[in-house]
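Spelled out from the first residue to the last, the chains are:
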Amino acid sequence: LDKLQPDLVVLLGDRYEIFAAATVCRLRGIRIAHISGGELTAGAFDDCLRHCITKLSDLHFTATEEYRKRVIQLGEQPGRVFNVGELALAGLDRLQLKSREQLETLLQTDLSEYFLVTVHSETCFPGAGLAIAETLVKLFKSEFAATGIVFTGANADPEGEQINALLEQEAARNDLFTFVRSLGRINYLSLARGAVCVIGNSSSGIAEVPALATPVVNIGRRQDGRPHGSLVVSVSAEAEKILTAIRCVRKPEFRAAGKYNPYTGEDSARQIAQIISAFDLSEIGRDKRFYDL
């Protein structure tokens, strides 16, 4: 940062790596624009970090009006908080997603019928994420022995490597299981579009996947606090409840009825760029003032 001397640093999200960057920028007097503030994820320590990053930042771009109000509630100046929609949806309708045949070649597996599964750790509840992964493996073996399962890797949170080791081991033993540590955005969204449903506790199941008209079974507490659309069924981590939810979302009428989605944002990237370009950055000093409601 000393070498680049940026006028503004743009940060996305709520990760502890981003918190480190925000801290450095604040101490060096570098202005920060933060994307995706004001959200809640009660089952992960990202929740606290997100709000800390908000307090370190100067401009804010939120995914919904509810989130915008929450950022202002945290003491941010209303004139610097903009609801631009969900950035994850920017340009989604223009992406060239891959065909089933291309994905089968990539993964070397049959994708005539499959679930796409991602399980991250619940960092506020140690052991819960691994327990979800173990429950799903048993459930798939006993109830969906003829359905392909594509697992993607957990992130770099504590317990993530334990989850990955379990899934990688199970994939080596079972021909119907495929484990890919990281698919990349295009491959992931392509698989999500063609899946019977997406299962797990990833934020992608709340935002991007419903926009592809694919049902989602969201498990556990990691995403608690995030509003979701009618294609998402949220359940606790008990096997019977997960099984009931999967059976529910597999019904053709469930997918057909899923119209409501609280997230929009196809033009969010352009909006962010335009707002930053038009904003007089000289107005932003180091003496950040708290806005009282």
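Structure: above.
In this text the structure is predicted, and so the values were computed from the model without any measurement.

Participant: Got a minute to help me understand the packing of helix α4 (residues 100-107) against helix α7 (residues 185-194) in this structure?
Facilitator: Packed helices, taken two at a time, are described by the angle between their axes plus the distance between the axes. Packing of α4 against α7 leaves a shortest axis separation of 10 Å and a crossing angle of 120°. Viewed along their axes, α4 and α7 adopt a mutual orientation that is oblique. Crossing geometry of α4 relative to α7 is assigned as left-handed. Of the residues in α7, those touching α4 at Leu-103, Leu-106 and Leu-107 are Asn-187, Ser-190 and Leu-191.

Participant: Before we go on, may I ask you to explain the pairing of strand β7 (residues 177-180) in this structure?
Facilitator: Consecutive side chains along a regular strand alternate between the two faces of the sheet. The alternating pattern of β7 places Phe-177 and Phe-179 on one face and Thr-178 and Val-180 on the opposite face, and all of these are buried. Bridge count between strand β6 (residues 148-152) and β7: four bridges; the pairing is parallel. Bridge pairing in β7 places Val-150 opposite Thr-178.

Participant: Just to check I follow, could you spell out the pattern of salt bridges for this structure?
Facilitator: Any two side chains of opposite charge can pair, on the condition that their charged atoms come close. One pass over the full model with this rule turns up 26 salt bridges. Of the charged contacts in the structure, one is a salt bridge between Glu-143 and Arg-247, with a shortest N-O distance of 3.4 Å. Here the residue Glu-143 occupies a position in helix α5 (residues 128-143), and Arg-247 occupies one in helix α9 (residues 239-250), the gap between them amounting to 104 residues. For Arg-247, a relative accessible area of 45% puts it in the partly exposed group. One salt bridge connects Glu-170 with Arg-173, and the closest N-O pair in it is separated by 3.7 Å. With a gap of three residues between them, Glu-170 and Arg-173 both fall in helix α6 (residues 160-173), about one helical turn apart. Residue classification places Arg-173 among the exposed residues on the basis of a relative accessible area of 58%. One salt-bridge network, held together by shared partners, links Asp-14, Glu-39, Asp-47, Arg-50 and Arg-226.

Participant: Looking at this model, I keep getting lost on the sheet that holds strand β1 (residues 8-12). Mind explaining?
Facilitator: Backbone hydrogen bonds are what pair the strands of a sheet, in a parallel or an antiparallel way. Taken in spatial order, the four strands line up as β1-β2-β3-β4 in an open sheet, and their pairing is parallel. Of all the strands in the sheet, just β1 and β4 (81-83) have a single pairing partner and so form its edges. Strand-to-strand twist across the sheet, computed as the mean angle between neighbouring axes with direction ignored, equals 15°. Here strand β3 (residues 59-62) runs beside β4; their pairing, made up of three bridges, is parallel. In the sheet register, Phe-61 faces β4, and the bridge partner there is Phe-82. Against the sheet, helix α1 (residues 16-28) contacts β1 and β2 (31-35), and its axis sits at roughly 160° relative to β1.

Quick notes on the rules
- Residues numbered from 1 in each chain as written.
- Predicted model: local features only at pLDDT ≥ 70, side-chain atom pairs only at ≥ 80, totals over all residues.
- Heavy atoms only, no water.
- Axes fitted to C-alpha atoms, helices over the stretch in contact; angles between N-to-C directions.
- Helix = DSSP H or I, 4+ residues; strand = E, 2+ residues; numbered from the N terminus.
- Parallel < 35°, antiparallel > 145°, perpendicular 65-115°, else oblique.
- Left-handed = near helix turned anticlockwise from the far one by under 90°.
- Contact = heavy atoms within 4.5 Å.
- Buried < 20%, exposed > 50% of the residue type's maximum accessible area, 1.4 Å probe, protein only.
- Pairing = 2+ DSSP bridges.
- Salt bridge = Lys/Arg side-chain N within 4 Å of Asp/Glu carboxyl O.

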